[in-house]
Amino acid sequence: MEIFNVTKNIVVANTSNIGSNIVCVNTTDGLIFVDTGLIVEEVKKFRQDMEKKFGKKTISLILTHAHQDHIFGMKSFFDVPIIATQKCKEKIKERLATDFAGDGIRKILNNYSEFKEYFANMGISEDEIAEVVNQTDIVVEIPQKDFTKELAIGTKENKIIITISGGHSLDSATVYLPSEKVLITGDEFYHSQVPLLAGAPESHENWLKALKSWEKLDVDIVIPGHGSPIDFEYVTNARKFVEKTFKIVRELKEKNVKVDEVIKDKRLKEYYGKSNWKDPSWWKESLKALYQIL
Ligand SMILES: [Zn+2]
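Quantities reported herein were computed from a predicted structural model and do not represent experimental measurements.

Some details on the overall build of the chain
From N to C terminus, the chain includes ten helices and 13 strands. Looking at the 294 residues of the chain, the share that counts as buried comes to 42%. Look at the contacts in the chain between residues 6 or more apart in sequence, and 66% of them connect residues 24 or more apart.

Written out as structure tokens, the structure reads:
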């Protein structure tokens, strides 16, 4: 388990490189966690460690969106209220009736072994994959508390603002902690990976809107869905890169340049940060999706 001490009151854990970051926020009322990663036992341990460190109980769990790498550890929080956007709640309900139903979760876990090459490109070992696949205790439940646009929780000194941003997926939310000057982005933002334009094509504009709205906040540190916490400057560079990408793709499309040529344009490869992602196929797919909607 990799731990990042972000501020006096915020600790981030990465329990598996396949799963999401897990954030612990220490408030005067108790501990609030954001996302759970993929591994039930590991997130349970992180929660216990944090309760010991801060000498407080856990009071709630916030989910940024309904993707399995962020919610499969949720069993370790069934004793506290779970909070999510209304869209995330609906998505989980829908998944419980479809791909999570019956032996669906087992099949999803088994699927991870099918992507060894893909994960190898991300620097993830076979042992790490096996740790995820071999789990038998994953349970998903519908969040009890939801909101449509924005929800503020906590006290005046420890205000936590959760906002729907809908970029990475239409149910995605970001979490802002003004007193800590920290923004938790879920998968709206990654670090050291190819710039993310994935997600539903209709949400690309939402994503850019979200990046712009963050620049109006007072943020020093950004905690991405995956990868280490980063300075806000990185986000500004990302926003500029994304705007440039939209502009270039739009211009080329207007000139009737075919999509296969567009993805070869050198200007679209000058990323805003270092990429440790050796497989560029996702970026190409993102550009293709963008080309279709612009
Ligand atoms: Zn994720």
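Let's talk about helix 1 (residues 40-54)
Over its 15 residues, helix 1 extends 21 Å from the first C-alpha to the last, a length consistent with the 21 Å expected when each residue adds 1.5 Å. Where helix 1 is concerned, the buried positions are V40, E42, V43, F46, R47 and M50. Along helix 1, the residues classed as buried sweep out an arc of 165° about the axis, all on the same side. With respect to the buried face of helix 1, the exposed residues turned more than 90 degrees away are Q48 and K52. Taken together, the buried residues of helix 1 touch strand 2 (10-14), strand 3 (21-27), strand 4 (30-34) and strand 5 (58-62). G55 sits one or two residues past helix 1 and shows a positive phi near 65°.

A short note on the sheet that holds strand 9 (residues 160-164)
Strand order in the open sheet formed by six strands is 8-9-10-11-12-13, with mixed pairing between adjacent strands. At either end of the open sheet lies a strand with only one pairing partner, and these are strand 8 (150-153) and strand 13 (230-231). Here strand 10 (residues 173-177) runs beside strand 11 (residues 182-184); their pairing, made up of three bridges, is antiparallel. Across the sheet, Y176 pairs through a bridge with L183, a residue of strand 11.

Focus: the sheet that holds strand 4
Pairing is mixed in the open sheet, where seven strands are placed in the order 1-2-3-4-5-6-7. Two strands lie at the open edges of the sheet, namely strand 1 (2-7) and strand 7 (145-147), each paired on one side alone. Averaged over all adjacent pairs, the angle separating strand axes in this sheet is 20°, with direction ignored.

Remarks on the packing of helix 4 (residues 104-112) against helix 6 (residues 126-133)
Two elements in contact, helix 4 and helix 6, have axes separated by 8 Å at closest approach and are oriented at 175°. Here helix 4 lies roughly antiparallel to helix 6, going by the angle between them. Between helix 4, through L109, N110 and Y112, and helix 6, the contact on the second element is made entirely by I129, V132 and V133. Taken together, the residues of the contact of helix 4 with helix 6 break down into five nonpolar, one polar and no charged.

Let's talk about helix 10 (residues 281-293)
Three- or four-residue spacings in an α-helix give side chains the same orientation, since the helix completes a turn every 3.6 residues. The end-to-end C-alpha distance of helix 10 is 19 Å, a good match for the 18 Å that 13 residues give at a rise of 1.5 Å each. Taken residue by residue, helix 10 has W283, S286, L287 and L290 as its buried positions. Buried residues of helix 10, viewed axially, fall in a sector of 95°; they line one side. Summarising the geometry of helix 10, the exposed residues directed more than 90 degrees from the buried face are S281 and Q292.

A few points about the environment of T155
By secondary structure assignment, the location of T155 is in the loop between strand 8 and strand 9. Residues T155 and T28 lie 127 residues apart in sequence; the distance between their C-alpha atoms is 7.8 Å. When sequence neighbours within four positions are dropped, the list of residues in contact with T155 reads T28 and D29.

Observations concerning unusual backbone geometry
Unusually for a residue other than glycine, D35 sits at a positive phi of about 65°. Structurally, D35 is set in the loop between strand 4 and helix 1. With 28 C-beta atoms packed within 10 Å, D35 lands in the buried category.

A few points about the nonpolar core
Judged by nonpolar contacts, the single largest core of 61 residues is most densely connected at V23, C24, V25, F33, I62 and V175. Among residues more than four places away in sequence, those in contact with F33 are I22, V23, C24, R47, T58, L61 and F77. Counting eight residues, the second largest nonpolar core, distinct from the first, contains V249, I263, W283 and L287.

Concerning the pairing of strand 5
The pairing of strand 4 with strand 5 spans four bridges and is parallel. Looking across to strand 5, one finds that V34 is bridged to I62. In this view, the connection linking strand 4 to its parallel neighbour strand 5 by way of helix 1 has right-handed handedness. As judged from the two bridges shared by strand 5 and strand 6 (residues 82-85), these two strands associate in the parallel manner. For I62, the partnering residue across the bridge sits in strand 6 and is I83.

Re the environment of S179
Examined against the element boundaries, S179 turns out to sit in the loop between strand 10 and strand 11. Sequence-distant contacts of S179, defined by excluding residues within four places in its chain, comprise E157, N158 and K159.

Analysis parameters
Residues numbered from 1 in each chain as written. Predicted model: local features only at pLDDT ≥ 70, side-chain atom pairs only at ≥ 80, totals over all residues. Helix = DSSP H or I, 4+ residues; strand = E, 2+ residues; numbered from the N terminus. Buried ≥ 20, exposed ≤ 12 C-beta atoms within 10 Å, placed from the backbone. Contact = placed C-beta atoms within 7 Å. Expected span 1.5 Å × (residues − 1). Arc of directions from axis to C-beta. Pairing = 2+ DSSP bridges. Axes fitted to C-alpha atoms, helices over the stretch in contact; angles between N-to-C directions. Parallel < 35°, antiparallel > 145°, perpendicular 65-115°, else oblique. Nonpolar A, V, L, I, M, F, W, Y, C, P; charged D, E, K, R; others polar. Core = buried A, V, L, I, M, F, W, Y, C linked by C-beta atoms within 7 Å. Right-handed = clockwise from strand over helix to strand, strands pointing away.

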